[in-house]
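Inside the fold
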Amino acid sequence: MGDLTFHYSYIMIIILLVIGLWGMLGKRNLIKKIIGLNIFQTSIFLFFIKGALKEGATVPVIDPELGLEAASYFNPLPHVMILTAIVVSVATTGVALALMLTIYRNYSSLEEGDILERMGK
Amino acid sequence: MSGFSSFLPIAAIIVSLIAFVLIILFDKKPNAREAVTIIAAISKFGIVFSMVGYVLDGRYPQMRLFSLSPGIDLALRVDEAGIIFALLASLLWIVTSFYSIGYMRGLSETRQTRFFASFALCLSSTIGLAFSANLLTFYLFYEILTIATYPLVTHKGTPESIKAGRKYLAYLLTGGVILLVAIVYTYQISGTLDFKPGGILPAGASFAELAVLFSLFLVGFGFKAAIIPLHSWLPSAMVAPTPVSALLHAVAVVKAGVFGLVRATGFVIGPEVLADIGAGGVMAILASVTIVIASLLAFRQDNLKLRLAYSTVAHLSYIVLGLALFSDYAWNGALLHIVNHGVMKITLFFCAGAIYVKTHLTNISDLDGIGRKMPLTMSAFTIATMGLAGMPPVAGFVSKFLLVEGAFADGRAVFGVVLLISGLLNAGYFFPIVYRAFFKSPSDNTGKNEAPALMLIPIMVTAGLSLLFGLFPDGIFHFFNLAQNAVSQLAGGIW
Amino acid sequence: MIEHLPALIPITLILFAFIAGVLGVMQFKLSRNVAMLGALAAFVLSVTGTIQVLQTGPMHYSFGSWPPPYGIEFVLDTLSAFMVLVITGIGSILLMFPTKPGFMIDEQKGATVYTVVLMLMAGLCGMVLAGDLFNLYVFLEISSLSTFALISLGGGKAAVASFRYLIMASIGGCFYLLGVGFIYFSVGSVNMADVLQLLPAVYDSPSVIGGAILMVTGLCVKMALFPLHTWLPDSDTYAPPVVAAFSAAVQIEVSAYVIIRLILNVFSPEFIIGLTPITDIIAWISAAGIIIASILAVAQQNFRRMLAYSSVAQIAYVGLGIGLANPLGIVGGIFHIMAHSLMKGSLFLIAGGIRHHTGIWNINDFQGLGRRMPWTIGAFTIAAMGMIGIPPTAGFFSKWYLLLGSIEGDQWVFVAVILISSLLNAVYFFRIIEKAFSPPAESTASVNKTGELPKRMLAPILILAIGTLIVGALNVLVVNELIMPVVEGL
């Protein structure tokens, strides 16, 4: 049973990852690229979160009943790291949106093909 | 043989570097610029000449500056072979400087600052590579020389000269990178790059390693030494102003290639090792082929400078052939021919330039009766051509005699025959010019019209030097003794 | 005080970034001066740090006194000292370039530009100093984010280029982060020294190998290693000159440095070289990249784009050095980081200066420029000689070490690659030198009227160009003191 959930969640993560990559590299629309970027990043966050999980453990706040046994708590470090990574991701998305606006103002389009055409090359 | 620390070698290099900077600073003052050139040339020669005595005594002035790479220093060491080359280059720089001033003024050329500055830089690197104590230092100056000559080749800025510049760079930079591999490989095999008479390679090197190394050196230097089929940049580079062709493409640059071969064969790989792997034969055959083909090609040139260029190609291979024979006579001849060919060929180029400045003629077929207009110039020309053909009492005779004797003494008569035939060919392509100049009547009779003194005197001086070295091979500058000492250094137990 | 040095370098930059931003809103000139002061202060700290490291060995700094592996650690050893010297040194010089031509903005609008530049430098210094894999990621993203903003200053085309870079850089960054996850879940730590200790137990685990490959791949994107370089030509062509110089001369090198750091101090050479094909692959794709990018550079008419392709080729030299994975090869790679940043920094500033001063960006229009701007073209010539690898420039010596490394590794193909590439370099740089030194043509009126660049532009250009000569002459000092100790273990 544990094995199955293990595979199930990792397979979902991989699917998300591929969707995200496809969105970034395969789609021609800039908005879709940004969406792809977010999906991609999210899949990696999920990977870290999944890795922090432990069967039968609880939130990493020391509980006198459970004692100091590390196995009884989820690993907090990946959560902390991902918290930071989410901040980075939000910032990246913000910059991406700002760039997109600039591009739209200059070329009145968000389709990569049109933009390249209007860039004159 | 011992070395002693001295600032002289570095001073000899720095003199013209300072001149380089000053010439650029005096961009707008032609007189100051020319004065700087002359002063630098004379002081450079003085410094080099002052070291001759030490070297003859077997005490080598040397200098270690700083490390270029862990274990390899920027080091200078003045030995016999080095000082022969340096003495020749710095001596001829003096005459060329005067001549250039006359030439550039005579043609009111533009961009003279660039011209004189590049010239000074070229001379710095020539002396630097002559005095280098190891291959990396040598390479450093060798490449600077390549680059510093480029502005001189493209001096005129015409499409033709730009094309020649490209060809020049394509050939010489290719040679440069191949040489770099040779150097790195040498370092890999032997762990040192310091020149040592007799070679620095360890005894255990395999045939394959040696063959690869030798080929890399031969090809790498072959570009600059204009060994056929790597020669074709040299005729193209004749679009440069005549003083450039005279000093750089007859003395400094091409001789740097030949001098590199001297270092590679005598001081890196070592004649003994080369003889073992049969490299001498390869080199000698290549050189012989070059001598014959270049001489034949020279016949076909109507342009005077081109004919001289092909003659240079042939004569460079005299030296290469001499090196390839691995005998003391031949080496002695080869080292002397570096000097002798230098003074004779520079005379010829000077004459070509003088003719061009006075009459704007470049083709031999137009030179009918030029000897009557410019008798002094053409007399000098005649002396130099006699020397190149190997006739006494001009300098060429001495070195050629040694080369031929080396070939015969070593039982390789065939190469001696090549040299003798080549003498005939030399006569064949040079004497018609002399004949035309003196014995055909000119199309117009304008009377005597010699080049200005600034050009004529250098011509007289170099022609005089050709005679001097023919009559007294050891006169004043001790070239003969130096060459002999260099060879006996190498020959210590080898030949 | 001295023990805080590793942390002080990025913190100084961040502090000054903040001050410069606040001041920038009030008075722009002040912001610029403060930024230069900040960069210089960081440089002085780097020099002090380097001297300290040379005297007493590597410095470790734990934030909040939490000992590693629990706390965050900054490490200043000879290699990171070398890199912060490059980053802050080149950064300070690049900042000297005037704002308008340098960043292509008007002073009124550019209130915060220097904040972003200092943040970029802080991010890069942080990447270099970080002692754990995750903080390295954070700093990597800080530097990336600053770069996106800076590139987009170049106008519409630059915004498109920046967007593309953003997508590629995010993929690279995320790959790296994913790799960190693999490593973390394999050994339970992200502290570099700790990972080095713990890894041997799990060397053959697929997730460690996968993690290593993911991290290196991600960094290869950031370092624009062929064939992952596609973002670089556009961004370096359209970005403002100083930004392009930062990106080509410092930023991609820092990513290369991180790969070296990973190989040497995180995964250990035995693992990377012995158990994975990573270095071989890097070597071969670098070799391909060197040749292909050089050929592409030859084909360019736009000066900036040519320089951009040349950067792709040059960073592949560093890649080749890494891939050779023997001491001399890595010395060559690391030394080339410094050499290339000097040369390319100078070249991009020259491109920017000429463009701003005369409007020329096409190589064909350079005719006669040598006469008009002797100092600029002179500096260009020196930098170009460095790129070709003519002694005694720094570029020659990186080539020298790389050749030594290749021959020591018996890799004759790489020898040939290095040689062919120097000839190709000669082709595309001499094309410009030849044009610039030809007599001016009638048609290029803009050239005939122009004069030398203003002194403020010329100063950083000349410092960088002369720097290539000085660093070349002093290469043994750099190599022996800073680089050799790092690669001795190989």
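Look up a bit, the structure's there.
Residues numbered from 1 in each chain as written. Chains lettered and ligands numbered in written order. Predicted model: local features only at pLDDT ≥ 70, side-chain atom pairs only at ≥ 80, totals over all residues. Heavy atoms only, no water.

This paragraph deals with the overall build of chain A. Of regular secondary structure, chain A possesses four helices and zero strands. Counting helices and strands in the order they occur from the N terminus, chain A gives α-α-α-α. Relative to its length of 121 residues, chain A is extended, with a C-alpha radius of gyration of 20 Å against a globular reference of 14 Å. Projected onto its principal axes, the C-alpha positions of chain A cover 70 × 30 × 15 Å. Taking all 121 residues of chain A together, the buried fraction comes to 37%. Put simply, chain A shows about 7000 Å² of open surface, and 69% of that area lies on carbon and sulfur atoms. Charge centroids of chain A, computed over 9 positive and 9 negative side chains, lie 16 Å from each other. (Helix = DSSP H or I, 4+ residues; strand = E, 2+ residues; numbered from the N terminus. Rg over C-alpha atoms; globule rule 2.2 N^0.38 Å. Buried < 20%, exposed > 50% of the residue type's maximum accessible area, 1.4 Å probe, protein only. Areas by Shrake-Rupley, 256 points an atom, 1.4 Å probe, with all protein chains shown as cover. Lys, Arg positive; Asp, Glu negative; His and termini not counted. Charge placed at Lys NZ, Arg CZ, Asp CG, Glu CD.)

The next subject is the packing of helix α16 (residues 375-389) of chain B against helix α19 (residues 453-471) of chain B. Residue and element names in this part refer to chain B. As a packed pair, α16 and α19 sit with axes 9 Å apart at the nearest point and diverge in direction by 25 degrees. Compared by their axis directions, α16 and α19 come out roughly parallel. Considering only the axes of α16 and α19, their crossing is left-handed. The segment α16 lies against α19, with L376, T377, A380 and I383 engaging L456, I459, M460, A463 and L467. (Axes fitted to C-alpha atoms, helices over the stretch in contact; angles between N-to-C directions. Parallel < 35°, antiparallel > 145°, perpendicular 65-115°, else oblique. Left-handed = near helix turned anticlockwise from the far one by under 90°. Contact = heavy atoms within 4.5 Å.)

Here we take up the interface of chain A and chain C. In this assembly, 37 residues from chain A lie in contact with 32 residues from chain C. In this assembly, chain A packs against chain C so that about 2900 Å² is buried in total across both faces, 84% of it on carbon and sulfur atoms. Among the residues of chain A in contact with chain C, M81, L99 and M119 of chain A are the three that bury the most area, contributing 18% of the side total. At the boundary of chain A and chain C, one finds zero salt bridges. Run the count over chain A and chain C and you get two residue pairs in polar contact (both at pLDDT 80 or more). Elements represented by at least two residues in the side of chain A that touches chain C include exactly α1 (2-26), α2 (30-52), α3 (76-107) and α4 (112-119) of chain A. (Buried area = accessible area lost by both parts, 1.4 Å probe. Salt bridge = Lys/Arg side-chain N within 4 Å of Asp/Glu carboxyl O. Polar contact = N/O pair within 3.5 Å; in protein donor to acceptor, adjacent residues only side chain to side chain.)

Below, the discussion takes up the interface of chain B and chain C. In this assembly, 30 residues from chain B lie in contact with 29 residues from chain C. Of the roughly 2700 Å² buried between chain B and chain C on both sides combined, carbon and sulfur atoms contribute 79%. Inspection of the chain B/chain C interface yields one salt bridge. The salt bridge involving R166 of chain B is made with E434 of chain C; its shortest N-O contact spans 2.6 Å.

Our next topic: the packing of aromatic side chains. Residues and elements named next belong to chain B. The full count for this structure, using the stated rule, is 52 aromatic pairs over all chains. When the centroid spacing of 5.4 Å and the interplanar angle of 85 degrees are considered together, the rings of F469 and F479 count as edge-to-face. Taken together, the positions of F469 in helix α19 and F479 in helix α20 (residues 479-491) put the pair 10 residues apart, joining distant regions of the chain. Its relative accessible area of 1% is what places F479 among the buried residues. Every member of this aromatic cluster is reached through a ring pair, and the members are F85, F138, Y142, F195, F217, F221 and F259. Across from the ring centre of Y142, 3.6 Å away, lies the NZ or CZ of K224, which sits over that ring. When the ring centre of F267 is taken as reference, the NZ or CZ atom of R263 above it lies at 4.7 Å. (Phe/Tyr/Trp six-rings, centres within 6.5 Å; stacked < 30°, edge-to-face > 60°. Lys NZ or Arg CZ within 6 Å of the ring centre and 35° of its normal.)

Residue and element names in this part refer to chain B. With 15 residues, α16 should reach 21 Å at 1.5 Å per residue; the first-to-last C-alpha distance of 21 Å fits that figure. Of the positions making up α16, those classed as buried are T377, M378, A380, F381, T382, A384, T385, G387, L388 and A389. Along its buried surface, α16 packs onto α13 (304-324), α14 (328-359), α15 (370-373), α17 (395-409), α18 (413-439) and α19. G390, located one to two residues past α16, shows a positive phi value of around 90 degrees. (Expected span 1.5 Å × (residues − 1).)

The next subject is the side chain of N135 of chain C. By the secondary structure assignment, N135 of chain C is in helix α6 (residues 133-151). Among all residues touching N135 of chain C, those that are not within four sequence positions of it are I72 and A130 of chain C.

Attention now moves to the sheet that holds strand β2 (residues 59-69) of chain B. Residue and element names in this part refer to chain B. An order of β1-β2-β3 is seen for the three strands of this open sheet, with the pairing classed as mixed. Since the sheet does not close on itself, it has two edges, and those belong to β1 (2-5) and β3 (72-77), each with one partner. For this sheet the average axis-to-axis angle between neighbouring strands, irrespective of direction, equals 45 degrees. Taken together, the four bridges between β1 and β2 define a ladder with parallel strand orientation. (Pairing = 2+ DSSP bridges.)

Turning next to the environment of I38 of chain B. All names here are of chain B. Along the chain, I38 falls in helix α2 (residues 30-50). C-alpha separation for the pair I38 and I94, spaced 56 residues apart in sequence, amounts to 6.7 Å. In contact with I38, not counting residues within four places along its chain, are S97, F98 and I101.

The next subject is a nonpolar patch on the surface. Residue and element names in this part refer to chain B. A surface patch of nonpolar side chains, amounting to about 490 Å² of accessible area, comprises I14, L17, I18, V21, L22 and L25. For L25, the position within the fold is in helix α1 (residues 8-25). A relative accessible area of 59% places L25 in the exposed class. (Patch = residues over 30% accessible without salt bridge, like charges linked within 9 Å, V, L, I, M, F, W, Y side chains within 5 Å.)

To continue, consider unusual backbone geometry. The bulk of non-glycine residues show a negative phi, and the bulk of peptide bonds are trans. Note the cis peptide between I228 of chain B and P229 of chain B, where omega equals 10 degrees. Positionally, P229 of chain B belongs in the loop between α8 (207-224) and α9 (233-236). Note that the residue after F226 of chain C, namely P227 of chain C, is joined by a cis bond; omega there is 0 degrees. The residue H360 of chain B is not glycine, and still its phi comes out positive at about 60 degrees. As for its position among the elements, H360 of chain B is in the loop between α14 and α15.

Strand direction decides the pairing type here: β2 of chain B and β3 of chain B, joined by five bridges, are antiparallel. Counted as the bridge partner of Q62 of chain B is R77 of chain B from β3 of chain B.

Before going further, it helps to spend a moment on the pattern of salt bridges. Residues and elements named next belong to chain C. Tallied over the full model, the rule gives 11 salt bridges over all chains. D77 is the partner of R261 in a salt bridge, and the nearest nitrogen-oxygen pair spans 2.9 Å. Of the two residues, R261 sits in helix α11 (residues 241-266) while D77 sits in the loop between β2 (73-76) and α3 (78-95), which places them 184 residues apart along the sequence. Of the two residues examined, R261 and D77, each falls in the buried class.

Bringing the pairing of β2 of chain C into the picture now. Residue and element names in this part refer to chain C. In β2, alternate side chains face the same way, and those of E73 and V75 on one face and F74 and L76 on the other are all buried. Sheet topology note: the strand β1 (residues 59-62)/β2 ladder contains four bridges and is antiparallel. Across the sheet, residue M59 finds its bridge partner in β2, namely L76.

This brings us to the side chain of S31 of chain C. Residue and element names in this part refer to chain C. Along the chain, S31 turns up in helix α2 (residues 28-56). For S31, a relative accessible area of 0% gives the class buried. At 3.5 Å, the side chain of S31 and the backbone oxygen of A20 are in polar contact. Contacts of S31, omitting those with residues within four sequence positions, involve A20, L23, G24, A111 and Y114.

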